[in-house]
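# Per-entry structural report
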Amino acid sequence: MPPVEAWEKVLIKLGNKTNPGELDPHLATLACEECHGGDATALDDHEAAHVGLIDDPSAPETNACKGCHAAVTATYWQSMHATLQGEQNAIAVRAGFASLAECPKALRDGFKGECTKCHATCGDCHVSRPNANGKGFIKSHVFNEKPSQAYQCLACHGARIGYDYLGSEDEGRPPDVHFSKGMSCLSCHGEVQAHQAAGDAVDRYHVPNTPRCEHCHAVSTANPWHQQHWNDLSCHVCHSQSAYQNCSGCHTGGVYTTDEVYQAENPFQAFRLGKNPFPDRRFEVVPLRHAPTVPDTYAPWGAGPLAAFDALPTWKYTTPHNVRRWTPRTQVPTSAHCASACHLGEPGGGPQNADLYLWRDYVDAGWPVESGANESVVIDGALPASWQAPSSPSNP
Amino acid sequence: MIRTPLARTLPLLALAALAWACGGTDAAPDAAVEATAEIAVDAVDADGSRDTAGAEPAPDVPAEADDAEVADDVPANAEPLPDGVSTDPGAPDVDAPEPQDTVAEALPEPEPEVAEPLETVDGDGETDTEAPPLVSACVDCHTDKALLVALLPEEPTEEADHGGG
């Protein structure tokens, strides 16, 4: 996302208006200093006027929006966007504690200093680019009811989600079919999901009102593949494009961005199919993405090795936002068997498609320190015998 | 029946030509003007919409890209599953509705928020719903691009960082 100059971040463009109050009702009823503080009487002194300035009045410390929007702010500050509850939970569980509050000070301080900078305030979604993204008005100082997908949603969710969802003609990656049909982030992730309290959800997949494919797409009685696999494969197993932006596509110690051979051998890092880690979801097999977490991930915070590192997989449940009707798994070569794109073998043929799955040997070879953490999600022993187990899965 | 502009015009033009031929040289242009005016009025239906019955046919609108794309993507060699399933495996999900914003619609309405300008009293004892002028001095500077450019140094033009997802 192109950066914004410092002056542009604070310039209220009036256009054909004569007063900011004509741009937005908030600006007609609230003087600047009512939210932003400072000294409005210091007319000729730039520095004095900005003493005590509140950069983002909607931040939790001041919570300026509460005065008029009490109901929504009450739940919002307990939402996943505000608390990063999923991240808190992952740190705590891997450290061997029930909650972040019980974790050693180094972890708590590290989370507060590093992770919480991505807290989304009201203004991050309704006024400016997110604070974590450098700030800057989206449309003068207008309060937009609907966030800007390009400059607000994807400012934080652009590295993986936006990369996949928008696609790239240059790279030959088609966009997600929903984007092709004109749907935006808000088409599925509405205001209720964004503002509601997360409750005791341990990750974003378990927040109430999280969108599901079947909210719009009912089970098909006409499609035999859906009938066959509705209850054992998640929709994304078949309908995610292989070109998928995994964390490891970038966070590989710089190797990915500098080593062309590595890039060629690890295109987009992709995902692997493994066992569903969520027992409350009906699927048996789901796509998994690799999150580059290791036992000493938080050593820079001064924290020791994570005592319960194996408690959570590092190959995590994922729902790639690169959905298409036709993918390498729903299309098969001419005259090939329909299962040839997914099953490990076809009648009369040898093992194939092994690279599609997350095998224990694959994890052991590529990330030996993470073997124990991923034992619950590796696919070994979970596929039907008729699919033929591969004799030697590929290595990373 | 909706008459086309041409159908209405021809008889009027014929009348005008006849009047002109009979020596009324001033009648022809007047009749033509009246005819044109009538057409202009009649071309608008009683419902206010434009009468396009006599208009040029609309240019061919290409089929939606999505439809074309799906059609192109259909594998020609789709085969049924081996377990006795014989339905066309490439058939689209006829039961699946078109993607809509149904999720948001199905969810409970959020708490109502204050969206209208707050009523203010400007001291005259009457409720004033118009936007009062801002008294803040901040506006003078923050609407002045040249001043802000001069005051605020350029920042490194790095791509902004991203979040976790």
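These figures come from a predicted structure and were not determined experimentally.

Along the backbone of chain B there are 6 helices and 2 strands. The 165 residues of chain B split such that 4% are buried. Sequence separation of 24 or more characterises 23% of the internal contacts of chain B that already satisfy a separation of 6 or more.

Right, let's talk about the overall build of chain A for a bit. A count of helices and strands for chain A gives 18 helices and 3 strands. Overall, the C-alpha framework of chain A stretches about 85 × 50 × 40 Å when taken along its three principal axes. Counting only residues that meet the buried cut, chain A has 39% of its 396 residues in that class. Considering only intrachain contacts with a sequence separation of at least 6, the fraction spanning at least 24 residues in chain A is 59%.

So, about the nonpolar core. Residue and element names in this part refer to chain A. Membership of the largest hydrophobic core comes to 26 residues, with the highest contact counts inside it found for Leu273, Leu288 and Leu358. Those elements that provide at least two residues to this core are helix 15 (235-239), strand 2 (285-290), strand 3 (315-317) and helix 18 (360-366). Not counting residues up to four positions away in its chain, the partners in contact with leucine 273 are Val237, Val285, Pro287, Leu356, Tyr357, Leu358 and Ile379. If you look at the next biggest cluster of nonpolar residues, it comprises 14 residues, including Ile91, Ala92, Leu100 and Phe309.

This part covers helix 10 (residues 149-166) of chain A. Residues and elements named next belong to chain A. The terminal C-alpha atoms of helix 10 lie 11 Å apart, and with 18 residues this falls more than 12% below the ideal 26 Å at 1.5 Å per residue. Along its length, helix 10 reaches its greatest deviation from straightness, about 115 degrees, at glycine 158. For helix 10, the tally of buried residues reaches 14 of 18 residues, placing the bulk of the element in the interior. Directly after helix 10, the chain includes glycine 167, whose backbone phi takes a positive value near 70 degrees.

Okay, the sheet that holds strand 1 (residues 272-275) of chain A next. Residue and element names in this part refer to chain A. Taken together, 3 strands build an open sheet; the order of strands is 1-2-3 and the sheet is antiparallel. With one partner strand each, in any of the chains shown, strand 1 and strand 3 form the two edges of the open sheet. The mean inter-strand angle of the sheet, taken between neighbouring strand axes irrespective of direction, is 55 degrees. One ladder, built from 4 bridges, connects strand 1 with strand 2; its direction is antiparallel. Within strand 2, the position partnered with arginine 272 by the bridge is leucine 288.

Once that is clear, we can look at the pairing of strand 2 of chain A. Residue and element names in this part refer to chain A. Judged by how many residues are buried, strand 2 sits mostly within the fold: 6 of 6 residues are covered. Where strand 2 and strand 3 come together, 3 bridges link them in antiparallel fashion. In the sheet register, histidine 290 faces strand 3, and the bridge partner there is tryptophan 315.

Right, let's talk about helix 7 (residues 85-95) of chain A for a bit. All names here are of chain A. Residues of helix 7 that are buried: Gln85, Gln88, Ala90, Ile91, Ala92, Arg94 and Ala95. Elements that come into contact with the buried residues of helix 7 comprise helix 6 (80-83) and helix 8 (105-114). Count one or two residues on from helix 7 and you reach glycine 96, which has phi positive near 90 degrees.

Residue and element names in this part refer to chain A. Residues of chain A with pLDDT of at least 70 account for 91%, and the chain-wide mean is 88. Mean pLDDT across the secondary structure elements of chain A bottoms out at helix 16 (residues 255-258), with 62, and peaks at helix 11 (residues 177-180), with 97. Low pLDDT, under 50, characterises residues 389-396; the stretch is placed with 17 contacts to residues that sit more than four places away or in other chains.

Turning our eyes to something else, we now look at the environment of valine 177 of chain A. Residue and element names in this part refer to chain A. Structurally, the position occupied by valine 177 is in helix 11. In sequence terms valine 177 and histidine 239 are 62 residues apart; their C-alpha atoms lie 10.0 Å from each other. In this structure, valine 177 is in contact with Val323, Arg324 and Arg325, ignoring residues within four places of it in sequence.

Moving on to unusual backbone geometry. Residues and elements named next belong to chain A. Notably, lysine 135 is not glycine yet its phi reads approximately 65 degrees, a positive angle. By the element assignment, lysine 135 lies in the loop between helix 9 (122-126) and helix 10. Here the phi dihedral of asparagine 353 falls at roughly 65 degrees; this positive angle occurs in a residue that is not glycine.

Let us look at the environment of proline 208 of chain A. Residue and element names in this part refer to chain A. Inspection of the secondary structure puts proline 208 in the loop between helix 13 (191-195) and helix 14 (224-229). With 12 C-beta atoms counted inside 10 Å, the residue proline 208 sits in the exposed group. For the pair proline 208 and proline 279, spaced 71 residues apart in sequence, the C-alpha separation works out to 16 Å. Among all residues touching proline 208, those that are not within four sequence positions of it are Gln196 and Gly199.

What follows is about the environment of lysine 105 of chain A. Residues and elements named next belong to chain A. Following the sequence through the fold, lysine 105 ends up in helix 8. Lysine 105 gets classed as exposed once you count the C-beta atoms within 10 Å, which come to 10. When the C-alpha atoms of lysine 105 and serine 335 are compared, they prove to be 62 Å apart, with 230 residues separating the residues in sequence.

Residues and elements named next belong to chain B. Residue-level pLDDT values for chain B average 49, and 12% of them are 70 or greater. Confidence, expressed as mean pLDDT per element, reaches its minimum in chain B at helix 3 (residues 65-73) with 36 and its maximum at helix 6 (residues 145-151) with 91. Scored below 50 in pLDDT, residues 1-7 makes 9 contacts in the model with residues more than four places away or belonging to other chains. Taken together, the chains of this predicted complex give a pTM of 0.71 and an interface ipTM of 0.78.

Definitions and limits used
- Residues numbered from 1 in each chain as written.
- Chains lettered and ligands numbered in written order.
- Predicted model: local features only at pLDDT ≥ 70, side-chain atom pairs only at ≥ 80, totals over all residues.
- Helix = DSSP H or I, 4+ residues; strand = E, 2+ residues; numbered from the N terminus.
- Buried ≥ 20, exposed ≤ 12 C-beta atoms within 10 Å, placed from the backbone.
- Contact = placed C-beta atoms within 7 Å.
- Core = buried A, V, L, I, M, F, W, Y, C linked by C-beta atoms within 7 Å.
- Expected span 1.5 Å × (residues − 1).
- Bend = angle between axes of the 7 residues up to and from the residue.
- Pairing = 2+ DSSP bridges.
- Axes fitted to C-alpha atoms, helices over the stretch in contact; angles between N-to-C directions.
- pLDDT = per-residue confidence, 0-100.

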